[in-house]
Amino acid sequence: MAAPSGRRNGPGAVSLWLVLLLAAVALRLTEAVSEPTTVAFDVRPGGVVHSFTQSVGPGDKYTCVFIYASQGGTNEKWQMSLGTSEDHQHFTCTIWRPQGKSYLYFTQFKAEVRGAEIEYGMAYSKAAFERESDVPLKNEEFEVTKTAVSHRPGVFKAELSKLVIVAKASHSEL
């Protein structure tokens, strides 16, 4: 983009072009970074398997799916947050109950990613709330594979309040 020629080359024109150039650069930078997206959803008891799915990244490149069954109580408000790194090679998915501990009894859970392979996965029986910290599940209660964090049948103690996944873009063969 060139500055216009002619009578408008005074100090005011230079300032205007500088402001326009900086605005264009700022807009370009905001397109390069994916702002985390947080969506609220209800976790519903009743023993039936439910799922919640969200996608993020250019062309919805990455998908996070939360599959679960729970018993007791009433619906709870949960959230799913998704984000990508600046270069869109890493993706995060966090699923949690913002009020901290869930009072539902989870009979099963699975957080699955598509378009990426998990580099880090963790499950928590209690999510951080006010002055309290996250409380992780015992390692034997859940497993992490290349594409999912899920309960271990017979060992999982039915308490779940948060899941965190960091994944890297899957490499596709050309």
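Our subject is the structure that appears above.
Residues numbered from 1 in each chain as written. Predicted model: local features only at pLDDT ≥ 70, side-chain atom pairs only at ≥ 80, totals over all residues. Heavy atoms only, no water.

Draft legend 1. Summary view of the overall build of the chain. Counting its secondary structure elements, the chain contains one helix and eleven strands. Helices (α) and strands (β) of the chain occur, in sequence order from the N terminus, as α-β-β-β-β-β-β-β-β-β-β-β. Expressed as a percentage of contacts within the chain between residues at least 6 apart in sequence, the contacts between residues at least 24 apart total 68%. On the chain, roughly 10500 Å² of surface is accessible, and the fraction owed to carbon and sulfur atoms is 55%. (Helix = DSSP H or I, 4+ residues; strand = E, 2+ residues; numbered from the N terminus. Contact = heavy atoms within 4.5 Å. Areas by Shrake-Rupley, 256 points an atom, 1.4 Å probe, with all protein chains shown as cover.)

Draft legend 2. Layout of the state of the cysteines. Taken as a whole and judged by the stated rule, the model has one disulfide. The disulfide partner of Cys64 is Cys93, and the gap between their sulfur atoms is 2.0 Å. Of note, the bridge from Cys64 to Cys93 carries an S-S torsion of about -70° and is left-handed in sense. Placement of Cys64 in strand E3 (residues 62–71) and of Cys93 in strand E5 (residues 90–96) is noted, with a sequence separation of 29 residues between them. Here the two residues Cys64 and Cys93 agree in accessibility, since each one is buried. (Disulfide = S-S within 2.5 Å. Buried < 20%, exposed > 50% of the residue type's maximum accessible area, 1.4 Å probe, protein only.)

Draft legend 3. Molecular detail of the pattern of salt bridges. The final tally for this structure, using the stated rule, is seven salt bridges. A salt bridge links Lys77 to Asp42, with the nearest nitrogen and oxygen atoms 3.0 Å apart. With Lys77 in strand E4 (residues 76–84) and Asp42 in strand E1 (residues 37–43), this pair connects stretches of sequence that are 35 residues apart. Residue classification places Asp42 among the partly exposed residues on the basis of a relative accessible area of 29%. Via salt bridges that share partners, Lys110, Glu112 and Arg114 belong to a single interconnected network. (Salt bridge = Lys/Arg side-chain N within 4 Å of Asp/Glu carboxyl O.)

Draft legend 4. Just the sheet that holds strand E7 (residues 116–126), in detail. Ordered by their spatial adjacency, six strands build an open sheet running E1-E4-E5-E11-E7-E8, and the pairing between neighbours is antiparallel. Each edge of the open sheet carries a strand with a single partner, namely E1 and strand E8 (135–136). Judged from the seven bridges that link them, E5 and strand E11 (residues 162–169) form a sheet pairing that is antiparallel. From the neighbouring strand, Ile95 faces E11, where its bridge partner is Leu163. (Pairing = 2+ DSSP bridges.)

Draft legend 5. Region of the structure containing the sheet that holds strand E6 (residues 105–114). With antiparallel pairing, five strands are arranged side by side in an open sheet as E2-E3-E6-E10-E9. One side of each edge strand has no neighbouring strand; the edge strands of this open sheet are strand E2 (50–56) and strand E9 (142–144). For this sheet, the mean inter-axis angle between neighbouring strands, taken without regard to orientation, is 15°. Two strands pair when backbone bridges link them, and E9 and strand E10 (residues 148–151) are joined in this way by three bridges, in the antiparallel orientation. When the bridges of E10 are listed, Val144 appears paired with Val149. (Axes fitted to C-alpha atoms, helices over the stretch in contact; angles between N-to-C directions.)

Draft legend 6. The environment of Thr94, seen in detail. Positionally, Thr94 belongs in strand E5. Under the relative-accessibility criterion, Thr94 is labelled buried at 17%. In the structure, Thr94 is positioned 72 residues away from Val166 in sequence and 8.7 Å away in space, judged by C-alpha atoms. What Thr94 contacts, discounting residues up to four positions off in sequence, is Gln79, Met80, Ser81, Lys162, Leu163 and Val164.

Draft legend 7. Structural detail: the pairing of E2. Judged from the seven bridges that link them, E2 and E3 form a sheet pairing that is antiparallel. Note that in E3 the partner of Val56 across the bridge is Tyr62. Counting the residues between successive antiparallel strands, the hairpin from E2 to E3 contains five residues, one of them, Gly57, with a positive phi of roughly 95°.

Honestly, it's all geometry; don't read function into it.
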